[in-house]
Amino acid sequence: IYRVFIFIRILSTCSTQPEAMEEENPLFSNLDLFLFTLIAGLIIYWFMSRKKAEPIPEFKKLDQPAPSTQETSFIEKMKKTGRNIVVFYGSQTGTGEEFANRLSKDAQRYGMKGMAADPEEYDMSELSRLAEIGNSLAIFCMATYGEGDPTDNAQDFYDWLQETDGQLNGVNYTVFALGNKTYEHYNAMGAYVDKRLEELGAKRVFDLGMGDDDGNLEEDFVTWREQFWPAMCEHFGVEASGEDSSVRQYELKEHNDINMNKVYTGELGRLKSFETQKPPFDAKNPFLAPVTVNRKLNKAGDRHLMHLEVDITGSKIRYESGDHVAVYPTNDTVIVNRLGQILGVDLDSVISLNNLDEESNKKHPFPCPTTYRTALTHYLDIIHPPRTNVLYELAQYATDPKDQENMRKMASSAPEGKALYQSFVLEDNRNILAILEDLPSLRPPIDHLCELMPRLQARYYSIASSSKVHPNSIHICAVLVEYTTKTGRLTKGVATTWLKNKLVADNGHKSTVPMYIRKSQFRLPFKASNPVIMVGPGTGIAPFMGFIQERGWLKEQGKEVGETVLYCGCRHKEEDYLYQEELEEAKKAGVITKLNVAFSRDQEQKVYVQHLLRTNKEDLWRQIHTDNAHIYICGDARNMARDVQTVFYEIAEELGGMTRTQATDYIKKLMTKGRYSQDVWS
């Protein structure tokens, strides 16, 4: 329209007589007014008469899942499905979730109806409404992670508990805590939830249970559980339905004619996510990182210590020194094939296990549809000794009455049963394959076995590199786990065996590692000028390789870098001195100001890092007390971390003139201020 206006205006101008152009014209001529009116009319007509775009009809693809309409109100869900018990879990490795599922199944045997629930999936502020449901109870199976922290899926719930001032009057609850006594903050999360719920007005109907993974977590849980249910029956005035019976949670569906493009082959979330990778990468969507380096670190000896590097170019993954890399290993194909053979099944059959409870958020125990081979290789933990509930559920399939009796006995809390489970399963380290081999009358259906097996979990490794120096690469340091059990079977660590076999080029193909980053609080001081004292024997040196690289990088940038002191250790200098060349080069360059290495078995009397700490006590006390040094411990929690902490107590006593109580408080304050950090495992 605008172009038409200009064209007409030019024509009218060109047709005007020259003498007329010399005369003074008004601002708008009659022609201008006519044209403006015409254009306005055309614009109005266009707006009034134009058709609205017709919506394109949507056609659902066959077999395409409907959009998620997941219920976020656990109260409404409980009311809708007639449940009165909800079991929330905080779980990092799957054990808390497993215990929650067992308790929710138990409820049926006591005339009640339960549901296991991930607090991350629900609005936990609705907890106050639980009193609306008659004879209701909230059970919390809460694991403690790291330095007394909540697990990832319980973080929001923990934050809500800290911030809320709402009242939970009329809410009945109990807590079972999962932890490890070797850690500083043993069962801190479970204890906090137990205490905080009471403060908010909820009623504790059964004592806090304390599970210790350093001892026998399964026994702790079974003992607590067998005391808990009778107490609940008395509290709610109900009676147990009699003999315990096996309750299936999933039903088997076999797919005889299915498009294999719709079958999971190891993916954790989105189907075909390993073929078409899309960021962001996390626990449900790991990145397939190509292995660029896999070398043996030790020169000799009967162990295999390894250094791997994986490439994260183009993944948009970011990490910091001190973070952990999580990797998803697979089970040994020899064990998988043997399971298929002993149970007489075609492992390549395509199946789905569908939840019998249609209202459950958890539709399958692992991604389905898939094959038995994929489930046993990628999704299920078939290496750890099975828990007592698995033995109990499978006992019905043993044709020998004695086998059946012993399996049920091991699942009880009777002293004889506990002792049998301890010796036959735990001390002899029997996994499910070993149990099937040693109990020839036991041949359960493989679908029930797959239902009962826990999920294969990611393994976490302290990153042995700095992103300042290696932005597109993540380094891993690990030692191969391999030992012979009392029954003469060679047991291999799932993840370390898998990592060892990740060759840089495997039959012309690049080996890849499904991975993601888990953030950590194990951080270098904000001020580079602060001294750092690093204690990491064995593979505990891993995060300190990253710290050393970063301190070297800061030095190159012209930053003032404080003292960087390392205490590390190995068995023999000529066999397994990890990263010897790199450490000595860093010492030569002045990045490491003091390198202290304990070669524990190079002399008659064993020497460990704690002995070297005592030798350098004056320097250490100056660095800590006067120069504001930050202390970092990485490695074994059971012995090394405790012994090292004891040395620091002794130094504070001797050189700080403190009592043991004062020295303990002094170190605890350093922890609170973030100046004493631990990255330890048991």
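Located above this text is the structure these notes cover.
What counts as what
- Residues numbered from 1 in each chain as written.
- Predicted model: local features only at pLDDT ≥ 70, side-chain atom pairs only at ≥ 80, totals over all residues.
- Heavy atoms only, no water.
- 1 Å grid on protein atoms, 1.4 Å probe; cavity = no way out; pocket = protein on both sides within 12 Å on 5 of 7 lines; lining within 4 Å.
- Points joined across faces, edges and corners; volume = space filled by probe spheres on them.
- Nonpolar A, V, L, I, M, F, W, Y, C, P; charged D, E, K, R; others polar.
- Buried < 20%, exposed > 50% of the residue type's maximum accessible area, 1.4 Å probe, protein only.
- Helix = DSSP H or I, 4+ residues; strand = E, 2+ residues; numbered from the N terminus.
- Pairing = 2+ DSSP bridges.
- Axes fitted to C-alpha atoms, helices over the stretch in contact; angles between N-to-C directions.
- Core = buried A, V, L, I, M, F, W, Y, C linked by side-chain atoms within 4.5 Å.
- Contact = heavy atoms within 4.5 Å.

**Let's talk about empty space enclosed by the protein**
By rolling a water-sized probe across the atoms, one finds the places where empty space is left.
Next, step 1: One pass over the full model with this rule turns up three cavities of 30 Å³ or more.
Next, step 2: By volume, the largest cavity amounts to about 60 Å³.
Next, step 3: Around the largest cavity, the lining residues are Asn216, Glu218, Glu219, Val222, Thr388, Met410, Ser412, Ser413, Gly417, Lys418 and Tyr421.
Next, step 4: Considered class by class, the residues forming the lining of the largest cavity number three nonpolar, five polar and three charged.

**Description of the pairing of strand E20 (residues 512-518)**
Next, step 1: Within E20, six of the seven residues are buried, which leaves it mostly tucked inside the rest of the structure.
Next, step 2: Direction of pairing for strand E11 (residues 324-327) relative to E20: antiparallel, over a ladder of four bridges. Paired with valine 325 across the strands is isoleucine 517, a residue of E20.

**Section: the pairing of E11**
Next, step 1: The alternating pattern of E11 places His324 and Ala326 and Val325 and Val327 on opposite faces, both of which are buried.
Next, step 2: Summarising the sheet, E11 and strand E14 (residues 459-462) pair through four bridges and their orientation is antiparallel. Paired with valine 327 across the two strands is arginine 459, which belongs to E14.

**Describing the sheet that holds E14**
Next, step 1: Across the sheet, which stays open at both edges, the six strands sit in the order E14-E11-E20-E9-E10-E15 with antiparallel pairing between neighbours. A strand with exactly one partner marks an edge of an open sheet, and here the two such strands are E14 and strand E15 (473-479). Pairwise comparison of adjacent strand axes, ignoring direction, gives a mean angle of 40° for this sheet.
Next, step 2: Across four bridges, strand E9 (residues 287-296) lies against E20 in antiparallel orientation. By the bridge assignment, alanine 289 is partnered in E20 with valine 513.

**Overview of the nonpolar core**
Next, step 1: Counting 42 residues, the largest nonpolar core has Leu376, Leu380, Ile382 and Met407 as the members making the most contacts within it.
Next, step 2: Every element with two or more residues in this core is listed here: helix H9 (333-343), strand E12 (350-355), helix H10 (372-379), helix H11 (388-394), helix H12 (401-410), helix H13 (415-427), helix H14 (432-438) and helix H15 (446-452).
Next, step 3: The residues touching isoleucine 382, leaving out its near neighbours within four places in the chain, are Asn331, Ile335, Val336, Leu339, Leu376, Asn431 and Ile432.
Next, step 4: Core analysis: the next-biggest nonpolar cluster, separate from the first, contains 31 residues, Val535, Leu620, Ile633 and Ile667 among them.

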